[in-house]
Amino acid sequence: MDLNHVIDRAELHAEVARRFGSPTATRRRTQLDAYLARAWALLDTAMRTYDAENPQDLVRAAVEAHRQYTAPDALRTAGFLHFIFSELDSNRQLDGAVELPAREEWAARVVECVRAGLGDKDFSRLIEGVNDILAELADEAEPVSVG
């Protein structure tokens, strides 16, 4: 893990706390409530397990899977895992069989636990907010010069 990666993760954590937290008594920084902090910790762990250098792919897949899962015409009996596994499966097999590497499957299962714990409304707010934060941080990334 290089210094830029550490700085990016610190910025991500600070922005999540700013957007979803409440002011502390000292008012210098915001803090997540305990329940959301635990959910964020699990989601952050899933993102690092999936790909520490590029967690956006997992978050984007979770956002899209949740949109499909909560769509009015969705077949919800398949469960959220079906939707996120389908989004993460790069082979997109037509027979419905999904083959994911173990770390990706584990990360998806943790995201499902976060969704189940928070409920659809709060999960949507969190995952879409994190997706927006990651997109903004990627846009702000400093270009690397060579030579």
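Described below are features of the structure shown in this document. None of the values given here were measured: they were computed from a predicted structure. (Residues numbered from 1 in each chain as written. Predicted model: local features only at pLDDT ≥ 70, side-chain atom pairs only at ≥ 80, totals over all residues. Heavy atoms only, no water.)

**Some remarks on the nonpolar core**
Inference 1: Core analysis: the largest hydrophobic core is formed by 36 residues, its most contacted members being Leu43, Met47, Leu58, Ile84, Val111 and Val130.
Inference 2: Mapped onto this core, the elements with two or more residues apiece are helix H1 (3-20), helix H2 (34-51), helix H3 (56-69), helix H4 (80-88), helix H5 (102-118) and helix H6 (120-140). (Core = buried A, V, L, I, M, F, W, Y, C linked by side-chain atoms within 4.5 Å. Buried < 20%, exposed > 50% of the residue type's maximum accessible area, 1.4 Å probe, protein only. Helix = DSSP H or I, 4+ residues; strand = E, 2+ residues; numbered from the N terminus.)

**Regarding the packing of aromatic side chains**
To describe a pair of aromatic rings, you give the distance between the ring centres and the angle between the ring planes.
Inference 1: Enumeration over the complete set of coordinates arrives at three aromatic pairs.
Inference 2: Between Tyr69 and Phe80 the ring centres are 5.7 Å apart and the planes differ by 80°, which places this aromatic pair in the edge-to-face class. Highlighted residues: Tyr69 in helix H3 and Phe80 in helix H4, separated in sequence by eleven residues.
Inference 3: Relative accessible area serves as the criterion here: at 9%, Tyr69 is assigned to the buried category.
Inference 4: Here Phe80 falls in the buried class, since its relative accessible area comes to 1%.
Inference 5: For the pair Phe80 and Phe123, a centre-to-centre distance of 5.9 Å together with 80° between the ring planes defines the contact as edge-to-face. Placement of the pair is Phe80 in helix H4 and Phe123 in helix H6, with a sequence separation of 43 residues.
Inference 6: Across from the ring centre of Tyr50, 5.9 Å away, lies the NZ or CZ of Arg103, which sits over that ring. (Phe/Tyr/Trp six-rings, centres within 6.5 Å; stacked < 30°, edge-to-face > 60°. Lys NZ or Arg CZ within 6 Å of the ring centre and 35° of its normal.)

**Description of H3**
Inference 1: Between its terminal C-alpha atoms H3 stretches 19 Å, which fits the 20 Å expected from 14 residues at 1.5 Å a residue.
Inference 2: Listed as buried for H3 are Gln56, Leu58, Val59, Ala61, Ala62, Val63, Ala65, His66 and Tyr69.
Inference 3: The inward-facing, buried residues of H3 abut H2, H4, H5 and H6. (Expected span 1.5 Å × (residues − 1). Contact = heavy atoms within 4.5 Å.)

**Regarding a negative patch on the surface**
Inference 1: Together, Asp8, Glu11, Glu53, Asp139 and Glu140 give the surface a local cluster of negative charge.
Inference 2: Put simply, the parts of the chain that give the negative patch at least two residues each are H1 and H6.
Inference 3: With respect to the secondary-structure elements, Glu11 resides in helix H1. (Patch = residues over 30% accessible without salt bridge, like charges linked within 9 Å, V, L, I, M, F, W, Y side chains within 5 Å. Areas by Shrake-Rupley, 256 points an atom, 1.4 Å probe, with all protein chains shown as cover. Salt bridge = Lys/Arg side-chain N within 4 Å of Asp/Glu carboxyl O. Lys, Arg positive; Asp, Glu negative; His and termini not counted. Charge placed at Lys NZ, Arg CZ, Asp CG, Glu CD.)

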